[in-house]
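Commentary on secondary and tertiary structure
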Amino acid sequence: DLHGCLNAARREREFAPRLNKVIEDLRAAGAIIIHAPSGCMSHYQEHPARLRAQSVPMSKSLPPQIGAWCYSIPAEEAVDYPLDQTDGGRDDAPQEAAEWAAQLAAMGADSLRPWTRQIDLISIDGDRDYISDSGEEIWSLLEHRGISNVILAGVHTNMCVLGRPFGLRQMAKNGKNVVLLRDLTDTMYNPARAPYVSHFSGNDLIVSHIERHVCPTITSDQFLGGSPFRFRHDTRPHLVVMMAEDEYKTEETLPKFVLEELQRDFRVTYLFGSETNRHEIPGMTVLADADLLLVSVRRRLLPVGDMEILKHYVASGRPVLGIRTASHAFSVKEASLPEGLADWKSFDADLFGGNYHGHHGNTLKSTVRVVSDQPGHPLLTGVPMEPFAQGWSLYQTSPLAPGTTILMTATLDDGSQPEEPIAWTFTRRDGGRSFYTSLGSVSDFDQPGFRTMLINAAYWAVDRLPSTSTRPQPMTTP
């Protein structure tokens, strides 16, 4: 019902109605609803749902430590935790925090732990539901009712939802089929702490950690239809990063780059090429909601339906960035296409105004130079003007189409071949903005010139400037 962090309290009240709707629909479908407002059982000591939970026979096979907090499971122990939450994750501005603490004190509430009950926006059915914050009680209830499938939602993802005795870790390690309802949860994270991303990006990082190391996740639209819930102040552009190439390890370099340089201001989805089917990139439907597409794909076909999704994204005029092998992303050398698959041989020309037709030898070194006759170009802001060594072979890309603006070129160090453009912008026929660079090998990501230009390209593509502060905008007091 309350929280010591005002922004946390605001966010809870924002998504609680949607969570209540999910609960109502699941209850009507026969699901068991357990309300677990931790530390609030005294408020519910006479409530029928609390008495019902207490009446369940205690299981004779309780898992070890099921009544204790769980701070990690083995799958998490070898990986870095994504957030610094050592300050408790409170993201209120200092003055706002002081004013909120005074309000809580005036209510007679503890400013650190002011909650006493579940939020009033979530209904409790006294005839059917259960109330408990005990790991032993909840486990016994699940066993008594023969329940194997468990959905968790609520707050806070990186604290109670993960770690409580009835949380994701305990459910997962003890064999329940548990999932997180990822759009109906929030995280205690302060953007002033590492990794210095927005609060909403911090929430995304915790969800990603859970998906990788704890359990799968689902979204409320899978029950209610429509779109997943999104906080109204989460105005980050949606960046989709598509990776399916076998040469340059961009499935490693790009996520690291995006986390360090873009996730502060962007909502990010990664699409990886299938490990079992070369011509499949699962998850293409997310392009319907994308604001920016970054492509690192090499010579793949796509199922016809997925290629249509990609073409629809492009035709809508939304921006596209391409690195390295994106110039021949969907162009294969086979004479005929397998049934059900589609290529896009003109992707380079259509999207980037490019003209990729091979590359110089891998052993030939080349040097990159910034084009000096583009003063004030937004993609050159902060880009060092000093030449630097290209990390891998020089692509043959000239001549480019009209409408391109060249920002970087490179020349073989032995001077044996003409200069080639290696980074440029292009305005497509559909009016969309595109940027392409033939840089993108592992060592290129160590070059400030490449990194800065790619950062600039992302913000330029969505017509935004990097934020100077990630603090959420003021919302109404709950």
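Everything here concerns the structure above.
Everything quoted here is computed from the prediction, not taken from an experiment.

**Remarks on the overall build of the protein chain**
- Assigned secondary structure in the protein chain consists of 12 helices and 16 strands.
- On the principal axes, the C-alpha backbone points of the protein chain span a range of 85 × 55 × 40 Å.
- Across the 478 residues that make up the protein chain, the buried fraction comes to 51%.
- In the protein chain, 77% of the contacts between residues at least 6 apart in sequence involve partners at least 24 apart.
- Approximately 21400 Å² of the protein chain is accessible, and the part contributed by carbon and sulfur atoms is 50%.

**Some words on the side chain of R169**
- By secondary structure assignment, the location of R169 is in helix α6 (residues 168-173).
- Looking at R169, the relative accessible area reads 4%, which means it is buried.
- Reaching out from R169, the side chain makes a polar contact with the backbone oxygen of C70 at a distance of 3.0 Å.
- A polar atom in the side chain of R169 sits 3.4 Å from the backbone oxygen of Y71.
- Aside from chain neighbours lying at most four places away, what touches R169 is C70, Y71, S72, I73, E76, Y81, L162, G163 and V214.

**As for the side chain of H209**
- Turning to its location among the elements, H209 is positioned in helix α7 (residues 199-213).
- Exposure remark for H209: the relative accessible area of 4% places this residue in the buried category.
- Every residue in contact with H209, bar those within four places of it in the chain, is listed here: E76, V79, D80, Y81, P82 and V214.

**Notes on helix α1 (residues 6-28)**
- Given a rise of 1.5 Å per residue, 23 residues ought to cover 33 Å, and the 33 Å separating the end C-alpha atoms of α1 matches this to within 8%.
- When the local axis directions of α1 are compared, the greatest deviation, roughly 35 degrees, occurs at A16, which is followed within four positions by the proline P17.
- With its phi angle positive at about 105 degrees, G30 sits one or two positions after the end of α1.

**Some points on the nonpolar core**
- L239, L262, F266, M408 and F435 are the most contacted members of the largest nonpolar core, which has 39 residues in total.
- Among the elements that take part in this core, helix α12 (residues 448-461) stands out by supplying nine residues, more than any other.
- With 31 residues, the next largest nonpolar core counts Y248, L302, A342 and Y395 among its residues.

**Brief notes about the pairing of strand β3 (residues 149-155)**
- Only one face of β3 is covered, namely the face carrying V150, L152 and G154; the face carrying N149, I151, A153 and V155 is uncovered.
- The pairing of β3 with strand β4 (residues 177-186) spans six bridges and is classified as parallel. What sits directly across from G154, in β4, is T185.

The rules we used
Residues numbered from 1 in each chain as written. Predicted model: local features only at pLDDT ≥ 70, side-chain atom pairs only at ≥ 80, totals over all residues. Heavy atoms only, no water. Helix = DSSP H or I, 4+ residues; strand = E, 2+ residues; numbered from the N terminus. Buried < 20%, exposed > 50% of the residue type's maximum accessible area, 1.4 Å probe, protein only. Contact = heavy atoms within 4.5 Å. Areas by Shrake-Rupley, 256 points an atom, 1.4 Å probe, with all protein chains shown as cover. Polar contact = N/O pair within 3.5 Å; in protein donor to acceptor, adjacent residues only side chain to side chain. Expected span 1.5 Å × (residues − 1). Bend = angle between axes of the 7 residues up to and from the residue. Core = buried A, V, L, I, M, F, W, Y, C linked by side-chain atoms within 4.5 Å. Pairing = 2+ DSSP bridges.

All quantities given are derived from atomic positions and should not be read as evidence of function.
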